[in-house]
Amino acid sequence: MRAQRISSFQELAAAVGACDPRYTAHVWGDQGLRSWTVKAGACLLMRDANAGRNHLKVVLSDPDEDGYVLFVGIMTIRDDRHDRACVIMPGDHSFIRAPSTVAYDHCRRVKAATLAKAVESGAALARDAFGDDLLARMRRGVSKSRFTPAEVWRTAPRTWAA
């Protein structure tokens, strides 16, 4: 799903009313004002300080009552030593161009408002959201991966394992 195109402030007001404004970023671009909401399936392209390049990141959950989401990165498979809990192939998502894996070892709880601010500031770029089927596969991988951090295990809904 692409970011919603908004061409007037009236449309902006209507869009903000439909979602929690604390978790929504509004960005001016070559196609007008767009909104992006932090919710399950939302994707960001963010710079990885350690690798020195951009990586696709995915929001696995809607914001909880404290405003946190589960957030995980996607990494290109480079050798046989990768987590096999959820492999993503080209065609599964518009951004994926090579076989990739979900980096459950880097899955974290983060403030949804922080992600919205990153998009608004330009520190992160919104990308097409993941579809429901791929999101469900990624959520099941949380319980399959032996690399999932304990904090994520404790907060992930048990229904994801089904």
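Let me sum up the structure you'll find in this document. (Residues numbered from 1 in each chain as written. Predicted model: local features only at pLDDT ≥ 70, side-chain atom pairs only at ≥ 80, totals over all residues. Heavy atoms only, no water.)

1. Focus: the overall build of the chain
Across its full length, the chain carries four helices and nine strands. In the chain, which comprises 162 residues, the proportion classed as buried is 40%. Taking the intrachain contacts of the chain between residues at least 6 apart in sequence as the baseline, contacts between residues at least 24 apart amount to 58%. As presented, the chain carries roughly 9300 Å² of accessible surface, and 51% of it is formed by carbon and sulfur atoms. (Helix = DSSP H or I, 4+ residues; strand = E, 2+ residues; numbered from the N terminus. Buried < 20%, exposed > 50% of the residue type's maximum accessible area, 1.4 Å probe, protein only. Contact = heavy atoms within 4.5 Å. Areas by Shrake-Rupley, 256 points an atom, 1.4 Å probe, with all protein chains shown as cover.)

2. Looking at helix α3 (residues 132-144)
In this model α3 runs 19 Å from its N-terminal to its C-terminal C-alpha over 13 residues, within 8% of the 18 Å that 1.5 Å per residue would give. Buried residues in α3 make contact with β5 (53-59), β6 (68-76), β7 (87-88), β8 (100-111) and α4 (150-155). (Expected span 1.5 Å × (residues − 1).)

3. Quick look at the packing of aromatic side chains
Taken as a whole and judged by the stated rule, the model has zero aromatic pairs. The ring of F95 is capped by R97, whose NZ or CZ atom sits 5.6 Å from the centre of that ring. A cation over a ring is seen here: R109 above Y68, with NZ or CZ 4.3 Å from the ring centre. (Phe/Tyr/Trp six-rings, centres within 6.5 Å; stacked < 30°, edge-to-face > 60°. Lys NZ or Arg CZ within 6 Å of the ring centre and 35° of its normal.)

4. Structural notes on the environment of A85
With respect to the helices and strands, A85 occurs in the loop between β6 and β7. Relative accessible area serves as the criterion here: at 15%, A85 is assigned to the buried category. Taking the C-alpha atoms as reference, A85 lies 7.7 Å from V102; in sequence the two are 17 residues apart. With residues near it in sequence (within four places) discarded, A85 still touches Y104, G141, K144 and S145.

5. What about the pattern of salt bridges?
Evaluation of the coordinates by the stated rule reveals three salt bridges. Salt-bridge contacts for R109 lead to D64; the nearest nitrogen and oxygen are separated by 3.0 Å. In this pair, R109 sits in strand β8 while D64 sits in the loop between β5 and β6, placing the two residues 45 residues apart along the sequence. Judged by relative accessible area, which is 24%, R109 ranks as partly exposed. A salt bridge links R137 to D92; the shortest N-O distance between them is 3.4 Å. With R137 in helix α3 and D92 in the loop between β7 and β8, this residue pair connects regions lying 45 residues apart in the sequence. (Salt bridge = Lys/Arg side-chain N within 4 Å of Asp/Glu carboxyl O.)

6. Thoughts on the nonpolar core
One finds L60, I74, I88, V102, F130 and M138 to be the most contacted residues of the largest nonpolar core, which totals 22 residues. The set of elements that each furnish at least two residues to this core consists of β5, β6, β8 and α3. Per element, the largest residue contribution to this core is four residues, and it comes from α3. Aside from chain neighbours lying at most four places away, what touches V102 is V72, G73, I74, D83, C86, I88 and M138. Counting 16 residues, the second largest nonpolar core, distinct from the first, contains Y23, V38, V69 and L115. (Core = buried A, V, L, I, M, F, W, Y, C linked by side-chain atoms within 4.5 Å.)

7. Digging into helix α2 (residues 112-121)
All of the buried residues along α2 are A112, L115, A116, A118 and V119. Buried residues in α2, looked at end-on, bunch into an arc of 155°, giving them a common side. In α2, the exposed positions that point more than 90 degrees away from the buried face belong to K117 and S121. Count one or two residues on from α2 and you reach G122, which has phi positive near 90°. (Arc of directions from axis to C-beta.)

8. Brief notes about the sheet that holds β5
Judged by pairing direction, the sheet is antiparallel, and its six strands sit side by side in the order β7-β8-β6-β5-β4-β9 without closing on themselves. The sheet terminates laterally at β7 and β9 (124-127), the two strands that pair on one side only. Sheet analysis places strand β4 (residues 43-48) next to β5, joined by six bridges and oriented antiparallel. When the sheet's bridge partners are listed, D48 is paired in β5 with R53. (Pairing = 2+ DSSP bridges.)

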